[in-house]
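Structural features, examined
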Amino acid sequence: MTSRKPISLALQGGGALGAYTWGALDRLLEDDRLDIKAISGSSAGAMCAVVLADGIGDGPDAARAKLRQFWEGVAQAGRSNPYRRTPLMAFLHAFQPAWLQQNYAALWADVASRFASPYDLNPLNLNPLKDILNELVDFERVRRCDRIELFIGATNAETGRIRVFRNAELSADHVMASACLPQLFQAVEIDGAPYWDGGYTGNPALFPLFDVQETRDIVIVQIHPLEREGAPRSAAEIAARETEITFNASLLSELRAIDFVARLLDQHKLPEGRYRKMLIHNVSEGTALTPLGAGGDLNTDLAFFNRLFAVGRAAAEAWLARNYDALGRRSTVDLAAMFRAAPSPDAAKPLR
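Here the structure is a predicted model, which means the values were calculated and not measured. (Residues numbered from 1 in each chain as written. Predicted model: local features only at pLDDT ≥ 70, side-chain atom pairs only at ≥ 80, totals over all residues. Heavy atoms only, no water.)

1. Some words on empty space enclosed by the protein
Under the criterion given, the structure shown has three cavities of 30 Å³ or more. Quantified by volume, the second largest cavity comes out at close to 90 Å³. In this structure, the second largest cavity is lined by Arg4, Leu28, Leu29, Asp31, Leu34, Asp35, Ile36, Ile56, Pro60, Arg147 and Ile148. Of all the secondary structure elements, the ones that give two or more residues to the lining of the second largest cavity are α1 (18-30) and β2 (34-41). (1 Å grid on protein atoms, 1.4 Å probe; cavity = no way out; pocket = protein on both sides within 12 Å on 5 of 7 lines; lining within 4 Å. Points joined across faces, edges and corners; volume = space filled by probe spheres on them. Helix = DSSP H or I, 4+ residues; strand = E, 2+ residues; numbered from the N terminus.)

2. Topic: the packing of α1 against helix α12 (residues 302-323)
Where α1 meets α12, the closest approach of the two axes is 6 Å, and the angle between their N-to-C directions is 45°. Relative to α12, the element α1 is oriented oblique. When the axes of α1 and α12 are compared, the crossing they make is right-handed. Here α1 contributes Ala19, Tyr20, Trp22, Gly23, Ala24, Asp26, Arg27, Leu28 and Glu30 to the contact with α12, which in turn contributes Phe305, Asn306, Leu308, Phe309, Val311, Gly312, Arg313, Ala315, Ala316, Glu317 and Leu320. Classifying every residue of the contact of α1 with α12 by side-chain character gives twelve nonpolar, three polar and five charged. (Axes fitted to C-alpha atoms, helices over the stretch in contact; angles between N-to-C directions. Parallel < 35°, antiparallel > 145°, perpendicular 65-115°, else oblique. Left-handed = near helix turned anticlockwise from the far one by under 90°. Contact = heavy atoms within 4.5 Å. Nonpolar A, V, L, I, M, F, W, Y, C, P; charged D, E, K, R; others polar.)

3. With respect to the confidence of the model for the chain
Model confidence for the chain is summarised by a mean pLDDT of 85, while 80% of its residues fall at 70 or above. Confidence drops under pLDDT 50 across residues 99-108; counting only partners more than four residues distant or on other chains, this segment forms twelve contacts. (pLDDT = per-residue confidence, 0-100.)

4. Re helix α11 (residues 235-266)
Counted at 1.5 Å a residue, the expected span for α11 with its 32 residues is 46 Å, and the 45 Å between its end C-alpha atoms agrees. The largest bend in α11 amounts to roughly 40° and is located at Ala249. A distance of 3.1 Å separates the backbone nitrogen of Glu237 from a side-chain oxygen at the start of α11, and that oxygen is part of Ser234. Trailing α11 by a residue or two, His268 shows a phi angle of about 60°, which is positive. (Expected span 1.5 Å × (residues − 1). Bend = angle between axes of the 7 residues up to and from the residue. Polar contact = N/O pair within 3.5 Å; in protein donor to acceptor, adjacent residues only side chain to side chain.)

5. Here's the deal with helix α2 (residues 44-56)
With 13 residues, α2 ought to run about 18 Å at 1.5 Å a step, and its terminal C-alpha atoms sit 18 Å apart, in line with that. Of all 13 residues in α2, 13 are buried; the element is thus mostly enclosed. (Buried < 20%, exposed > 50% of the residue type's maximum accessible area, 1.4 Å probe, protein only.)

6. Looking at the pairing of strand β8 (residues 279-282)
Of the two faces of β8, the one lined by Leu279 and His281 and the one lined by Ile280 and Asn282 are each fully buried. With four bridges connecting them, strand β7 (residues 217-221) and β8 associate as parallel partners. Its bridge partner being in β8, Ile220 is matched across the sheet by Asn282. Remark: the β7/α11/β8 crossover connection has right-handed handedness. (Pairing = 2+ DSSP bridges. Right-handed = clockwise from strand over helix to strand, strands pointing away.)

7. Some thoughts on the pattern of salt bridges
Scanning the entire structure with this criterion turns up 24 salt bridges. The closest approach of N and O atoms between Arg68 and Glu72, which form a salt bridge, is 3.5 Å. Taken together, the positions of Arg68 and Glu72, both in helix α3 (residues 60-79) and four residues apart, correspond to about one turn of that helix. Judged by relative accessible area, Arg68 falls into the partly exposed class, the value being 30%. In this structure, Glu169 and Arg163 form a salt bridge, with 3.6 Å as the shortest nitrogen-oxygen distance. Since its relative accessible area comes to 30%, Glu169 is described here as partly exposed. Looking at Arg163, the relative accessible area reads 25%, which means it is partly exposed. One network of salt bridges, in which partners are shared, links Asp26, Arg27, Glu30, Asp31, Arg33, Asp61, Arg64, Arg313 and Glu317. (Salt bridge = Lys/Arg side-chain N within 4 Å of Asp/Glu carboxyl O.)

Shown next as structure tokens:
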């Protein structure tokens, strides 16, 4: 039997688009040639990470089943209790501004949030996602998980810096801190400090994965595309593109640093024993999951989640077919082309 290839996963956040990550994880877990050693995640990526870690103790199939149960639970919460539905849908579609324009209740909530804080609009601090996690995830089991290292990023609202939470300290509060969009929810207090969404400072954070000794391979599951052709024109398109750029900024910064270290290692300007050349891969490979500013059909229906699941699973299938042999040997994302070279118009584009 061929030995399994160890990898680390880096999962972006993106509200309802996190169902794409669910699909990609389902396919990766199904492949017995892979050994997931660590996961870094923010926001929806953090939720997928802890759900997977809860199930993995009973094997990959159990983790796949647990992820499906989570997303089905989100869909159920979106259909049932109206008090859960409003903040849940606001979070899931915060990354798709056009949806607001086609839903009067959501549009009203969006306008209200610009003049009042969640401390005024949601004084009870209702958070249906926390309820779902507490109902589904055994956090004691997550804290004891020694099969996969977890790195859950959140942004300290006082310092503006990222804090990364690890297995031994994780609870639903830590995941909610990672998913706390400040326009929708009150800051989550951890150890006396207020935290907001981890996507502002690490979406996802790559640096914790540098110390995972079992592997140099980082496989990114990216939701927000880096590149789109043309300037946005409509208000919805402008808002959507602004969100994509904002939530990709930290990822770009870390990828540039990885490329810089790799060049210095190639030039023998850094000691190899102290620094490692990380191998970067991207399951999404630049695919935009929705047209810019689209989102009129986005809702919490399971049918929509299942469509994204199918797209994510197919993307992981295609990525494995093209790139499995490269794991452990080389990057499949051309960072040099991304940051230094000017590709010809007909050249295949790197990570987008």
